[in-house]
Amino acid sequence: MIIKKAQFLISVAEPSKISDFNKSEIAVVGKSNVGKSSLINLITNNKNLAKTSQTPGRTRLVNYFDINGEFILVDLPGYGFAKAPASEIAKWRTLIEAYLINNKNLKNVFLLLDIRREPSENDFKMVNFLSHYNIPFTCVATKADKLKKEAIKKSVQKIASALRIGYGNIIVTSALKKEGVNLLLERIEQILN
Ligand SMILES: Nc1nc2c(ncn2[C@@H]2O[C@H](COP(=O)(O)OP(=O)(O)O)[C@@H](O)[C@H]2O)c(=O)[nH]1
Ligand SMILES: [Mg+2]
């Protein structure tokens, strides 16, 4: 797949505003600051498409991006942002769940995991949630540039075994070094076909 055109569509803050563009969607989930927006920019080779942030918890919206007029990438709010008030966290959670449940356009979820960290309680909850609702997902390790080659391998093995998935099922990426793009594009092609 070659990305020719990537375009921001809309941001949604309320479950009732979740949109149906009648196109296949791939959503990006993961904890706050894991690199969701950066991954969308990596896939689309456009560093300004999705707003990235040094400050965790900034992306509180469901952001839709049209890709080639062929499918839609969806940037979901991050979870596990401890400093936010409980009421805010509950609101994002409702929004994320409303987006994920009964979404006929949703073909796959990219679950992002920081390569340096073991999956968190919230990551496990997300995996269970996706499994429970029969939503297919793909694990993507982010920030691989933070580790050396040997450490990458060890970390990926740890993450894979914690999540009880095969080692080869995790796509390793670095938005900083623009690594993993081809694997991501191949995966997207597989999902859409
Ligand atoms: N070194 C490195 N930093 C990254 C990478 N991806 C994201 N970041 C940084 O991590 C922070 C959060 O990224 P962002 O994409 O906004 O995360 P989000 O909250 O999940 O959308 C930003 O400071 C990014 O520059 C990566 O692959 N390598
Ligand atoms: Mg973001």
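Going by the structure above, here's the rest.
Criteria and thresholds
Residues numbered from 1 in each chain as written. Chains lettered and ligands numbered in written order. Predicted model: local features only at pLDDT ≥ 70, side-chain atom pairs only at ≥ 80, totals over all residues. Heavy atoms only, no water. Phe/Tyr/Trp six-rings, centres within 6.5 Å; stacked < 30°, edge-to-face > 60°. Helix = DSSP H or I, 4+ residues; strand = E, 2+ residues; numbered from the N terminus. Buried < 20%, exposed > 50% of the residue type's maximum accessible area, 1.4 Å probe, protein only. Axes fitted to C-alpha atoms, helices over the stretch in contact; angles between N-to-C directions. Parallel < 35°, antiparallel > 145°, perpendicular 65-115°, else oblique. Left-handed = near helix turned anticlockwise from the far one by under 90°. Contact = heavy atoms within 4.5 Å. Nonpolar A, V, L, I, M, F, W, Y, C, P; charged D, E, K, R; others polar. Salt bridge = Lys/Arg side-chain N within 4 Å of Asp/Glu carboxyl O. Pairing = 2+ DSSP bridges.

A. Structural detail: the packing of aromatic side chains. Here the structure, examined in full by the defined rule, presents four aromatic pairs. A ring pair is formed by Tyr64 and Tyr99, whose centres lie 6.4 Å apart and whose planes are at 70°; its orientation type is edge-to-face. A residue pair is termed long-range when its members are at least 10 positions apart, and Tyr64 in strand 3 (residues 62-67) and Tyr99 in helix 2 (residues 86-100) qualify at 35 residues. One exposure class covers both Tyr64 and Tyr99, and it is buried. Aromatic rings pair up to connect Phe21, Tyr64 and Tyr99 into one cluster.

B. Highlighting the packing of helix 2 against helix 3 (residues 121-132). It is the contact of helix 2 with helix 3, at a shortest axis distance of 11 Å, that shows an interaxial angle of 30°. It follows from the interaxial angle that helix 2 and helix 3 lie roughly parallel. Once helix 2 is placed against helix 3, the crossing between them reads as right-handed. Contact residues: helix 2 offers Ile96, Glu97 and Leu100, while helix 3 offers Met126, Phe129 and Leu130. Along the lines of polarity and charge, the residues of the contact of helix 2 with helix 3 split into five nonpolar, no polar and one charged.

C. Expanded view of the pattern of salt bridges. As enumerated under the stated definition, the model contains seven salt bridges in all. Taking the shortest distance from any N to any O, the salt bridge between Lys23 and Asp66 comes out at 2.9 Å. With Lys23 in the loop between strand 1 (6-12) and strand 2 (25-30) and Asp66 in strand 3, this pair connects stretches of sequence that are 43 residues apart. By relative accessible area, Asp66 is classed as buried at 8%. Between Arg116 and Asp114 there is a salt bridge whose closest N-O contact spans 2.9 Å. On the accessibility criterion, Arg116 (36% relative accessible area) is partly exposed.

D. Looking closely at the sheet that holds strand 2. Read across the open sheet, the seven strands follow the order 1-3-4-2-5-6-7; overall the sheet is mixed. Strands with a single pairing partner mark the edges of an open sheet, and in this sheet they are strand 1 and strand 7 (170-172). Each strand axis lies, on average, 25° off the axis of its neighbour in the sheet, ignoring direction. Across the face of the sheet, helix 1 (residues 36-44) comes into contact with strand 1, strand 2, strand 3, strand 4 (71-75), strand 5 (106-114) and strand 6 (137-142) while running at roughly 155° to strand 4.

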